[in-house]
Amino acid sequence: MTAETLPAYDMSLADHGFEPIEIKGLTYPLGEHVPGYGEIYPLAPDMGWTRMPVPGNLNHINIWLLDDLDEQGEGFAIADTGLFMPVVIEEWKKLLEGTLGDRRMTRIFVTHFHPDHVGCAGWLANRCKVQLWMNRTEWLMARMLTADQRDEPPKEILDRRRYQGYNEAQVEDMRKRGFGGFARAVSQLPTGHRRLEDGQHVRIGGRVWEAMTGGGHTPEHTCLIDHHNGVIIAGDQILPRITSNVSIMDSEPDADPLGEWLDSIAKFRRKLPGDMLVLPAHGSPFRGVHVRLDKLAEGHHDRLDKLEVALREKPMRAVDTFALLFDRPIDESVFGLATGESHAHLVHLVATGRAKVETIDGVGWYSAV
């Protein structure tokens with residue numbers, strides 16, 4: 001009997017005893033309940049949910065545990081790993097030596113290369129002697145960034161920040177901080193990995209999951225979809241309450257990541273049923289995936305329209321657009337992320353023929369067509 005012919009487990013989570021809540025068209029079956037650090041909450045008989053701490057406003061990342069079976073017998077796989085930092089390592093040690101002490105990890109799945117997702121992957125792979133499953137591009141990005149550490153940022157990156165509108169004091173501060181912060185939050189990755197490709201089907205225990213990739217947030221962010229039971233491990237591709245950062249990346253300064261992101265939203269909207277249970281990397285499990293995807297697309301289109309109107313009034317640099325695009329003040333802690341996302345919106349307007357750019361003294365000035 002295949003997994004496709006097994007009776008589907010009821011993933012409504014209605015039998016967990018919590019009062020569902022509805023917010024902005026989304027339903028949270030577990031209400032406000034979330035697992036504490038070190039706690040594994042059973043979403044289903046073969047699926048658990050725990051969290052690891054993340055500094056700052058993000059606060060946490062969700063980790064999903066999936067019952068698995070390999071040539072050595074029963075065990076569990078995990079999806080995403082948390083940052084490589086002392087407090088997260090301690091939480092993992094408590095889990096592996098406590099609640100999970102009598103169980104064996106079989107493999108590690110990582111949705112994308114960002115440090116809060118891949119950070120502990122190498123450390124866990126080495127400790128538990130398991131293989132890392134990851135999209136090839138995302139794995140290569142992580143390997144490249146962990147290997148690239150320098151005393152100062154490359155000149156072309158500093159010039160690119162000037163192009164985006166950084167002043168010289170900000171450029172100098174960036175220079176003094178050095179280059180290679182990514183590696184400080186990511187453990188050394190294995191020299192090899194098992195590739196996840198778009199459309200690939202992977203059996204994990206009694207379930208079969210389809211890998212589906214999306215672009216924009218990262219090059220080939222990978223979600224895992226259990227069509228039979230109606231659930232998706234969504235990573236940062238579909239978040240319930242915050243919008244994933246979509247920025248111009250230094251590795252592809254001439255790309256249109258916002259165009260890729262909007263295409264990905266349309267792809268997931270087309271391929272996912274509306275009642276699917278979404279397991280996001282941040283926030284709580286929810287239903288209403290079409291509502292959320294529509295809202296994400298609408299939000300970006302609204303910002304693009306607002307930006308185009310402003311560019312008719314006067315030329316702007318990426319750093320001049322913050323008040324138009326963001327609902328909160330932008331301080332130094334998020335200045336880089338905000339600049340990257342603002343630049344991505346401007347580039348998309350150029351790519352779609354709605355704006356043009358002129359470089360004056362090394363600075364990019366955008367105006368409406």
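In this report, we go over the structure that sits alongside the text. (Residues numbered from 1 in each chain as written. Predicted model: local features only at pLDDT ≥ 70, side-chain atom pairs only at ≥ 80, totals over all residues. Heavy atoms only, no water.)

1. Looking at the environment of Gly199
Consideration 1: Following the sequence through the fold, Gly199 ends up in the loop between strand E9 (194–195) and strand E10 (201–204).
Consideration 2: By relative accessible area, which is 32% here, Gly199 ends up partly exposed.
Consideration 3: Separated by eleven residues in sequence, Gly199 and Glu210 place their C-alpha atoms 6.0 Å apart.
Consideration 4: For Gly199, the residues in contact, after removing those within four places along its chain, are Glu210 and Ala211. (Helix = DSSP H or I, 4+ residues; strand = E, 2+ residues; numbered from the N terminus. Buried < 20%, exposed > 50% of the residue type's maximum accessible area, 1.4 Å probe, protein only. Contact = heavy atoms within 4.5 Å.)

2. What about the pairing of E10?
Consideration 1: Burial along E10 is one-sided: the face carrying Val202 and Ile204 is buried and the face carrying His201 and Arg203 is not.
Consideration 2: In this structure, E10 lies alongside strand E11 (residues 207–214), joined through four bridges in antiparallel fashion. When the bridges of E11 are listed, Ile204 appears paired with Arg207.
Consideration 3: Remark: two residues form the turn of the hairpin made by E10 and E11, two consecutive strands paired antiparallel; Gly205 in that turn has positive phi of roughly 60°. (Pairing = 2+ DSSP bridges.)

3. Observations regarding the packing of helix H5 (residues 155–164) against helix H6 (residues 168–177)
Describing two packed helices takes the angle between their axes plus the distance from one axis to the other.
Consideration 1: Two numbers describe how H5 lies on H6: the axes approach to 10 Å, and their chain directions differ by 150°. In terms of orientation, H5 lies roughly antiparallel with respect to H6. You can see that H5 and H6 cross each other, and the crossing is right-handed. In contact with Ile157, Leu158, Arg161 and Arg162 of H5, H6 contributes Glu168, Val171, Met174 and Arg175. (Axes fitted to C-alpha atoms, helices over the stretch in contact; angles between N-to-C directions. Parallel < 35°, antiparallel > 145°, perpendicular 65-115°, else oblique. Left-handed = near helix turned anticlockwise from the far one by under 90°.)

4. Things to note about helix H9 (residues 289–313)
Since there are 3.6 residues in each turn of an α-helix, residues three or four apart along the chain are aligned in direction.
Consideration 1: With 25 residues, H9 extends 37 Å between its outermost C-alpha atoms, agreeing within 8% with the 36 Å of an ideal straight helix rising 1.5 Å per residue.
Consideration 2: Of all the positions in H9, only Val289, Arg292, Leu293, Leu296, Ala297, Gly299, His300, Leu304, Leu307, Glu308, Ala310 and Leu311 are classed as buried. (Expected span 1.5 Å × (residues − 1).)

5. Let's talk about the pattern of salt bridges
Consideration 1: As enumerated under the stated definition, the model contains 24 salt bridges in all.
Consideration 2: Arg161 serves as the salt-bridge partner of Asp250, at 2.7 Å between the closest nitrogen and oxygen. Of this pair, Asp250 sits in the loop between strand E13 (231–235) and helix H8 (257–271) while Arg161 sits in helix H5, and the two are 89 residues apart along the sequence.
Consideration 3: As a salt-bridge pair, Asp320 and Arg317 come within 2.9 Å of each other at their nearest N and O atoms.
Consideration 4: Looking at Asp320, the relative accessible area reads 30%, which means it is partly exposed.
Consideration 5: The network of salt bridges with shared partners includes Lys155, Asp159, Arg162 and Glu168. (Salt bridge = Lys/Arg side-chain N within 4 Å of Asp/Glu carboxyl O.)

6. A word on the packing of aromatic side chains
Consideration 1: Tallied over the entire structure, the rule returns eight aromatic pairs.
Consideration 2: When the ring of Phe18 is compared with that of Tyr41, the centres are 6.0 Å apart and the planes differ by 55°; the resulting orientation is tilted. Residue Phe18 is located in the segment before strand E1 (21–23), and its partner Tyr41 is located in strand E3 (residues 41–44); the two are separated by 23 residues in the primary sequence.
Consideration 3: For the pair Phe322 and Phe335, a centre-to-centre distance of 5.3 Å together with 80° between the ring planes defines the contact as edge-to-face. Here the residue Phe322 occupies a position in helix H10 (residues 322–325), and Phe335 occupies one in helix H11 (residues 335–351), the gap between them amounting to 13 residues.
Consideration 4: Three or more aromatic residues joined by ring pairs form one cluster here, namely Tyr166, Phe322, Phe326 and Phe335.
Consideration 5: Against the face of Trp133 rests Arg107, its NZ or CZ located 4.8 Å from the ring centre.
Consideration 6: We note Arg241 situated over the ring of Tyr28; from NZ or CZ to the ring centre the distance is 4.7 Å. (Phe/Tyr/Trp six-rings, centres within 6.5 Å; stacked < 30°, edge-to-face > 60°. Lys NZ or Arg CZ within 6 Å of the ring centre and 35° of its normal.)

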